[in-house]
Amino acid sequence: GQRWEDMLGATAVIVLSVAFVPLYFYRRKRSVVVNDARSLMVIALIFIIFLLGSRLFSNRTLAPYGYPLQAAGLLITALYGLETGLVISIPLSLLASYGLSNTLDLAPYYMFSSLIGLLALGPVRRFWGFVRAGAAISLSGVVVLMAYRLPFFTLDMLGIVQFIGAVLFAGFSAASITLLLQYLLAQTLGLTTVFQLLDISRPDYPLLQFFLRNAPGTYQHSLQVANLAEQAAEKIGADPLLTRVGAQFHDIGKALNPTFFIENQIPGNVNAHHDIPPEESAATIIRHVTDGVQLAKKHRLPERL
């Protein structure tokens, strides 16, 4: 029963979205997300679920403004980085508000509050980052409504208070939903999150304690490599945190035979290599790679690491 003009308009906005996202990532070839089918599937599911949810509340007055659509962008950012979250939030905001009677203020409300929330979130390394993002979503949402709704629609004081309440609810519920879902998705799908990396890189993490006590020389060497690798990753646009944590653990296999490696040998003590055949000596040195993989699996380090 729809008019052909409505169907053509909906098709046009979908085509624009379908063109925009792939074109962006085509120009950003270093993005890892587009090369991983599982990541694309997760992003698509997040996109569709939040889009469908927004349309369920489209026939209400206040509900669309209280619906935490911004959580989709925050969640994608927490899992796959700021760039991906920004790019996905733009078409999601447009599609969620398209064709509604309040499109002219709902579309900029969704878009600006989502983008400002993502930028306020930052590198997702602290709980307070999510609180800051929720506050940014609420404040920017209020400002957008002041710009796009208040001048064009007559509202009494009660109406203004209700809209402000809906926007505040959207901001902090978006932050709360993101915190919960990013943990559940990471545990269920085996994704590597910033919080996981920060947790396992703490000096009191059991595997790092084992590493420090068994092979202190190699442990110090790994810290130096981690510092260098992190700076290199920043220069080339890679993930600095993932690189640093990976470098911290790259030589953990040496902790099983620490005296076979020169950085752990005490001057004046007998060198373990002197009393065994060269072939056995070489095999022990080479085996630190497979030993490291076994230790990583035993301590359940993230698969990506």
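Look above for the structure.
A few points on the structure. The model shown is predicted, which means the values in this text are computed figures rather than measured ones. (Residues numbered from 1 in each chain as written. Predicted model: local features only at pLDDT ≥ 70, side-chain atom pairs only at ≥ 80, totals over all residues. Heavy atoms only, no water.)

1. Concerning the overall build of the chain
Broken down by element type, the chain carries 14 helices and zero strands. Tracing the chain from N to C terminus, the helices and strands come up as α-α-α-α-α-α-α-α-α-α-α-α-α-α. Scaling as 2.2 N^0.38, a compact globule of 305 residues should have a C-alpha radius of gyration of about 19 Å, whereas the chain reaches 26 Å, well beyond that. Going through the 305 residues of the chain one by one, you find that 44% of them count as buried. Long-range contacts, defined here as pairs at least 24 residues apart, represent 72% of the contacts in the chain between residues at least 6 apart. Accessible area of the chain: about 17,100 Å², with a carbon and sulfur share of 67%. Positive and negative side-chain charges of the chain, numbering 22 and 18 respectively, have mean locations separated by a distance of 5 Å. (Helix = DSSP H or I, 4+ residues; strand = E, 2+ residues; numbered from the N terminus. Rg over C-alpha atoms; globule rule 2.2 N^0.38 Å. Buried < 20%, exposed > 50% of the residue type's maximum accessible area, 1.4 Å probe, protein only. Contact = heavy atoms within 4.5 Å. Areas by Shrake-Rupley, 256 points an atom, 1.4 Å probe, with all protein chains shown as cover. Lys, Arg positive; Asp, Glu negative; His and termini not counted. Charge placed at Lys NZ, Arg CZ, Asp CG, Glu CD.)

2. A few points about the pattern of salt bridges
One pass over the structure, following the stated rule, counts nine salt bridges. With a shortest N-O distance of 3.7 Å, Asp-291 and Arg-287 are connected by a salt bridge. Taking relative accessible area as the criterion, Asp-291 reaches 7% and is therefore assigned buried. Each of Arg-3, Glu-5 and Asp-6 takes part in a single network of salt bridges with overlapping partners. (Salt bridge = Lys/Arg side-chain N within 4 Å of Asp/Glu carboxyl O.)

3. Quick word on the nonpolar core
One finds Ile-46, Tyr-80, Tyr-109 and Phe-249 to be the most contacted residues of the largest nonpolar core, which totals 64 residues. In this structure, Ile-46 is in contact with Ala-72, Leu-75, Ile-76, Leu-79 and Leu-185, ignoring residues within four places of it in sequence. (Core = buried A, V, L, I, M, F, W, Y, C linked by side-chain atoms within 4.5 Å.)

4. Comments concerning the environment of Arg-126
If you trace the backbone, Arg-126 turns up in the loop between α6 (103–121) and α7 (127–148). When its relative accessible area of 55% is taken as the criterion, Arg-126 is described as exposed. Residues Arg-126 and Pro-91 lie 35 residues apart in sequence; the distance between their C-alpha atoms is 28 Å. Dropping the residues within four chain positions of it, Arg-126 is found in contact with Phe-195 and Leu-198.

5. Structural notes on unusual backbone geometry
Positive phi is not limited to glycine here, since Arg-300 has a value of about 55°. Among the secondary structure elements, Arg-300 is positioned in the segment after α14 (288–298).

6. Describing the packing of helix α11 (residues 216–236) against helix α12 (residues 240–249)
For the pair α11 and α12, the least separation of the axes is 8 Å and the interaxial angle reads 160°. Between α11 and α12, the interaxial angle falls into the category roughly antiparallel. Like other packed secondary-structure pairs, α11 and α12 cross with a definite hand, here right-handed. Facing Ser-222, Leu-223, Val-225, Ala-226, Ala-229, Glu-230, Ala-233 and Glu-234 of α11, the residues of α12 in contact are Pro-240, Thr-243, Arg-244, Ala-247 and Gln-248. (Axes fitted to C-alpha atoms, helices over the stretch in contact; angles between N-to-C directions. Parallel < 35°, antiparallel > 145°, perpendicular 65-115°, else oblique. Left-handed = near helix turned anticlockwise from the far one by under 90°.)

7. Focus on helix α10 (residues 206–214)
Looking at α10, one finds that the buried residues are Leu-207, Leu-208 and Phe-211. Buried residues in α10, looked at end-on, bunch into an arc of 100°, giving them a common side. Within α10, the exposed residues directed more than 90 degrees away from the buried face are Pro-206 and Arg-213. (Arc of directions from axis to C-beta.)

8. Some thoughts on the packing of helix α4 (residues 70–80) against helix α5 (residues 82–97)
The contact between α4 and α5 brings their axes to 7 Å, and the two run at 155°. Considering their axes alone, α4 and α5 lie roughly antiparallel with respect to each other. By crossing handedness, the relation of α4 to α5 is classed as right-handed. For the pair α4 and α5, the contacting residues are Ala-72, Gly-73, Ile-76, Thr-77 and Tyr-80 in the first and Leu-82, Thr-84, Gly-85, Ile-88, Ser-89 and Leu-92 in the second. Its residues assigned to classes, the contact of α4 with α5 shows six nonpolar, five polar and no charged. (Nonpolar A, V, L, I, M, F, W, Y, C, P; charged D, E, K, R; others polar.)

9. Let's talk about a nonpolar patch on the surface
A surface patch of nonpolar side chains, about 320 Å² in accessible area, is lined by Met-41, Leu-45 and Ile-49. Along the chain, Leu-45 falls in helix α2 (residues 37–56). Residue Leu-45 is classed as partly exposed on the basis of its relative accessible area of 47%. (Patch = residues over 30% accessible without salt bridge, like charges linked within 9 Å, V, L, I, M, F, W, Y side chains within 5 Å.)

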